[in-house]
Amino acid sequence: MEQWHKEAVVYQIYPKSYLDTNGDGIGDLRGIINKLDYIKSLGVNTVWLSPCYPSPGDDNGYDISDYRGIAAEYGTLEEFKELLDGMHSRGIRLLMDLVVNHTSDEHQWFVESRKSRDNPYRDYYIWRDPVDGKEPNGWTAAFGGSAWEYDEATGQYYLHLFSKKQPDLNWENPKVRQEIADMINYWLDMGVDGFRCDVINNISKDFTRPYAGGNGPRLHEFLHELHVKALEPHKALTVGETWGLTPAQALDLTGEARGELTMTFQFEHLLLGRVGGDKFDPEPLDKKAFVDILAKWEEGLKEDSYPVLVMENHDQPRALSRFGDRENYPYESATMLAALLYGMRGVPFIYQGQELGLHDPTFQSLEEYRDIETLNAYAELKATGKWTDEELLAKMQYGSRDCGRVPMPWNTEKEGGFTTGTPWLKTQIDPGFTVAEQEEDPKSVLNFYRKLFELRKSIPALADGEFKLLWNEDDVSVYTRTAEGVTVYVVCNFSAEKKDIPSCFPHGGAILLNNYDNEKEWLQPYQALWIKTR
Ligand code: GLC
Ligand code: CA
């Protein structure tokens with residue numbers, strides 16, 4: 001397996017919200033091309049681009065109607081190649097989004113598949129007869145309702161784990177697997193460096209289960225087949241979007257000898273602050289658990305795998321709003337979270353705008369939301385009659401994926417410089433939270449991230465050193481990273497109170513990183529320190 005992932009620092013771009021260059025209110029590839037020097041300046045060396053393929057846009061591009069093209073609103077295949085060249089000439093690798101659990105219902109395969117029961121594409125999808133005149137089983141879809149949609153024309157149901165415009169592919173069919181391997185080779189032959197693999201542990205279904213879960217019986221076999229036919233020959237990097245794994249299951253997908261995926265995301269800490277993981281049901285954040293979970297994954301993957309370090313993406317509200325203190329300590333808590341997470345062993349993933357320490361925008365009404373998950377959840381919760389409209393809006397504000405999807409604030413001009421037209425989703429421009437302002441401010445979150453990534457690159461203990469949690473009590477944590485006789489201590493105060501330093505605190509080391517200017521009087525609210533000792 002390729003090893004370059006150990007040096008990767010990944011920046012996720014959600015193309016629809018990055019930069020619009022033709023005034024239609026939708027970000028485009030030209031916008032990304034124009035910002036390549038900015039991206040490079042962050043200290044990242046890899047970009048993960050969320051889907052930019054043709055799509056009817058039911059789930060913002062995660063419903064693909066043509067796997068080999070570029071959506072007209074984003075640009076052309078020529079522009080895509082220009083973007084790829086522009087990245088490569090700056091030493092940046094590109095990961096595309098691989099969405100192969102499902103296609104759009106407007107994909108040609110599905111258009112054919114639903115035509116008749118004996119269409120050659122019928123078995124590209126999962127069709128079942130009604131059972132007692134109803135759905136074949138009780139599986140529910142992630143975006144609400146049954147996971148089965150009845151199709152009048154042929155009298156059968158098709159499976160969709162997401163929206164009904166996202167029919168699930170039938171991976172049991174070898175033709176489907178071959179089509180996907182060919183498609184992967186098409187992009188890799190063009191020079192793409194790898195893929196982020198959307199909900200990849202859902203591709204093998206287990207119909208003996210009462211609920212639609214991941215990790216079906218043939219998952220490993222299917223992934224190994226893709227590895228052999230496409231990924232390995234190109235030395236492509238893959239990172240799987242895999243919800244609900246244990247570290248042992250993650251190792252089974254990523255261990256060196258497995259020949260499946262390079263890495264998997266783990267999101268367990270992102271379920272905190274939510275009752276039972278329900279994103280629309282807030283509860284106070286358990287900060288000790290936050291650190292303990294991360295430490296558990298560091299330990300669990302240390303032998304034979306490499307963790308992914310993530311706290312934001314296009315499916316999550318902003319980390320500052322969820323875990324930090326947006327009111328009183330926006331800079332300190334945003335930088336503390338970065339120092340805490342990215343001091344660990346693994347590949348940092350940051351999501352556009354995270355480098356500015358953005359917090360969630362304020363949504364005034366339901367009309368301001370665009371996300372299908374949010375709109376469906378609102379309707380479903382409203383139908384229960386349990387909440388007032390105001391309470392429902394508060395829930396959406398807390399959990400909506402649109403919180404992380406509002407356009408990038410580039411400067412203090414109209415719409416933050418994102419577009420000269422009407423943005424597809426509202427913008428929110430707050431003083432101090434734009435790229436232009438933070439560029440000028442040495443004490444900005446942006447410049448803190450740059451320094452942090454620079455340090456990770458230059459100090460081996462931070463790159464691949466051994467991890468050890470020394471302390472995690474009373475909102476203060478201390479862990480170390482050690483390699484080549486050098487130990488870096490990462491000390492964080494995860495609270496708005498001043499705290500004493502714990503006894504394991506190193507005395508006499510060199511301060512590499514500090515989100516305060518102080519040389520003593522530690523630990524200030526949300527203070528974070530990286531201290532190097534020999
Ligand atoms: C993943 C994506 C999410 C999408 C879903 C269905 O979770 O990150 O945005 O809605 O898969 O493709
Ligand atoms: Ca545009």
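Keep in mind it's a predicted model, so treat the numbers as computed, not measured.

Q: Explain the overall build of the protein chain residue by residue, including any values.
A: Across its full length, the protein chain holds 15 helices and 16 strands. The C-alpha atoms of the protein chain give a radius of gyration of 23 Å, which matches the 24 Å a tight globule of 534 residues would have. In terms of overall dimensions, the protein chain has a C-alpha envelope of 75 × 50 × 45 Å along the principal axes. A buried classification covers 60% of the 534 residues belonging to the protein chain. Long-range contacts, defined as pairs at least 24 residues apart, comprise 69% of the intrachain contacts of the protein chain with a sequence gap of at least 6. Total accessible area on the protein chain is roughly 20300 Å²; 49% of this is exposed by carbon and sulfur atoms. The protein chain carries 56 positive and 87 negative side-chain charges, and their two centres are separated by 2 Å.

Q: Can you break down the coordination of the calcium ion (ligand 2) residue by residue, with the values?
A: Protein-derived coordination of the calcium ion (ligand 2) comes from Asp20 (OD), Asn22 (OD1), Asp24 (OD), Ile26 (O) and Asp28 (OD), at a distance range of 2.3 to 2.4 Å. Expressed as a motif, the donor residue spacing for the calcium ion (ligand 2) is D-x1-N-x1-D-x1-I-x1-D. The partly exposed category is assigned to Asp24, whose relative accessible area is 36%.

Q: Quick rundown of the site of ligand 1? Include the residues and the values.
A: Around ligand 1 sit 14 residues in total, of which Asp59, Asp198, Glu241, His314 and Asp315 are the nearest. Between ligand 1 and the protein, one listed contact pairs an oxygen atom with a side-chain N or O atom of Asp59 at 2.5 Å. Glu241 places a side-chain nitrogen or oxygen 2.8 Å from an oxygen atom of ligand 1. For ligand 1, the accessible surface in isolation is 310 Å², of which the surrounding protein chains cover 96%. Looking at the shell around ligand 1 residue by residue, the classes come out as four nonpolar, three polar and seven charged.

Q: Would you mind going over the pattern of salt bridges in detail, with residue names and values included?
A: If the charged atoms of two oppositely charged side chains come close together, the side chains can form a pair. Applying the stated criterion across every chain yields a total of 39 salt bridges. Taking the shortest distance from any N to any O, the salt bridge between Arg450 and Glu439 comes out at 3.0 Å. Taken together, the residues Arg450 in helix α14 (residues 445-458) and Glu439 in helix α13 (residues 435-440) connect sequence positions eleven residues apart. We classify Glu439 as partly exposed; its relative accessible area is 34%.

Q: Report on the sheet that holds strand β13 (residues 476-483), specifying residues and quantitative values.
A: Pairing is antiparallel in the open sheet, where five strands are placed in the order β12-β13-β14-β16-β15. Looking at the sheet topology across the chains shown, the edges are occupied by β12 (466-473) and β15 (510-514). Looking at each pair of strands side by side, their axes are set apart by 20° on average, direction ignored. Looking at chain direction, strand β14 (residues 486-493) and strand β16 (residues 528-533) are connected through six bridges and run antiparallel. Each bridged residue has a counterpart across the sheet, and for Tyr489 the counterpart in β16 is Ile531. Of the strands in this sheet, β12 and β13 touch helix α8 (residues 287-300), which is tilted by about 160° from β12. Contacts between α14 and the sheet are confined to β15 and β16, with β15 contributing the most and set at about 140° to the helix.

Q: An account of the domain arrangement of the protein chain is needed here, citing residue identities and associated values.
A: When the domains of the protein chain are assigned, the result is domain 1 (7-99 + 245-251 + 262-448), domain 2 (108-159) and domain 3 (465-533). One C-alpha centre belongs to domain 1, the other to domain 3, and the line joining them spans 27 Å. Residue-level contacts link 27 residues of domain 1 with 24 residues of domain 3. For the pair domain 1 and domain 3, the summed buried surface comes to about 2100 Å²; carbon and sulfur atoms form 66% of the total. Measuring nitrogen to oxygen at the nearest pair gives 3.8 Å for the salt bridge that ties Lys288 to Glu473. In this structure, the connection of domain 1 to domain 3 is made through eleven residue pairs in polar contact (both at pLDDT 80 or more). Elements that contribute at least two residues to the side of domain 1 that touches domain 3 include exactly α8 and α10 (330-342). The element best represented in the side of domain 1 that touches domain 3 is α10, accounting for nine residues.

Q: Go over the packing of aromatic side chains with me, naming the residues and quoting the values.
A: Each aromatic ring pair is specified by the distance between its two centres and by the angle formed by the two planes. Taken as a whole, this structure holds 32 aromatic pairs when the rule is applied. Seen from their ring centres, Phe363 and Tyr369 are 4.2 Å apart, and the 25° between their planes marks the pair as stacked. The exposure class assigned to Phe363 is buried, which follows from its relative accessible area of 8%. Above the plane of the ring of Tyr186 lies Arg68, whose end atom (NZ or CZ) is 5.0 Å from the centre. A cation over an aromatic ring shows up here: Lys395 above the ring of Trp387, its NZ or CZ 4.4 Å from the ring centre.

Q: With reference to specific residues and values, describe the environment of Leu219.
A: Relative to the elements of secondary structure, Leu219 occurs in helix α6 (residues 219-234). It is 5.2 Å that separates the C-alpha atoms of Leu219 and Ser204, two residues lying 15 residues apart in sequence.

Q: So, the side chain of His107: which residues are in play, and what are the values?
A: In this fold, His107 is placed in the loop between β3 (93-98) and α4 (108-113). Using a relative accessible area of 6% as the deciding quantity, one classes His107 as buried. Beyond its immediate sequence surroundings of up to four residues, His107 is in contact with Ile64, Ser65, Asp66, Tyr67 and Tyr125.

Q: Explain the packing of helix α5 (residues 174-190) against α6 to me, using residue names and the numbers behind them.
A: Across the interface, α5 lies against α6 with an axial gap of 9 Å and an inter-helix angle of 25°. In terms of their interaxial angle, α5 and α6 are classed as roughly parallel. Pair α5 / α6 crosses with right-handed handedness. Within the contact between the two elements, α5 uses Arg177, Gln178, Ile180, Ala181, Ile184, Asn185, Leu188 and Asp189 and α6 uses Phe222, Glu225, Leu226, Lys229, Ala230, Leu231 and His234. Class assignment for the residues of the contact of α5 with α6 results in eight nonpolar, three polar and four charged.

Scoring rules and cut-offs
- Residues numbered from 1 in each chain as written.
- Chains lettered and ligands numbered in written order.
- Predicted model: local features only at pLDDT ≥ 70, side-chain atom pairs only at ≥ 80, totals over all residues.
- Heavy atoms only, no water.
- Helix = DSSP H or I, 4+ residues; strand = E, 2+ residues; numbered from the N terminus.
- Rg over C-alpha atoms; globule rule 2.2 N^0.38 Å.
- Buried < 20%, exposed > 50% of the residue type's maximum accessible area, 1.4 Å probe, protein only.
- Contact = heavy atoms within 4.5 Å.
- Areas by Shrake-Rupley, 256 points an atom, 1.4 Å probe, with all protein chains shown as cover.
- Lys, Arg positive; Asp, Glu negative; His and termini not counted.
- Charge placed at Lys NZ, Arg CZ, Asp CG, Glu CD.
- Donors = N, O, S within 2.8 Å, 3.2 Å for Na, K, Ca; no water.
- Near = heavy atom within 4 Å.
- Polar contact = N/O pair within 3.5 Å; in protein donor to acceptor, adjacent residues only side chain to side chain.
- Nonpolar A, V, L, I, M, F, W, Y, C, P; charged D, E, K, R; others polar.
- Salt bridge = Lys/Arg side-chain N within 4 Å of Asp/Glu carboxyl O.
- Pairing = 2+ DSSP bridges.
- Axes fitted to C-alpha atoms, helices over the stretch in contact; angles between N-to-C directions.
- Domains from an automatic or database assignment.
- Buried area = accessible area lost by both parts, 1.4 Å probe.
- Phe/Tyr/Trp six-rings, centres within 6.5 Å; stacked < 30°, edge-to-face > 60°.
- Lys NZ or Arg CZ within 6 Å of the ring centre and 35° of its normal.
- Parallel < 35°, antiparallel > 145°, perpendicular 65-115°, else oblique.
- Left-handed = near helix turned anticlockwise from the far one by under 90°.

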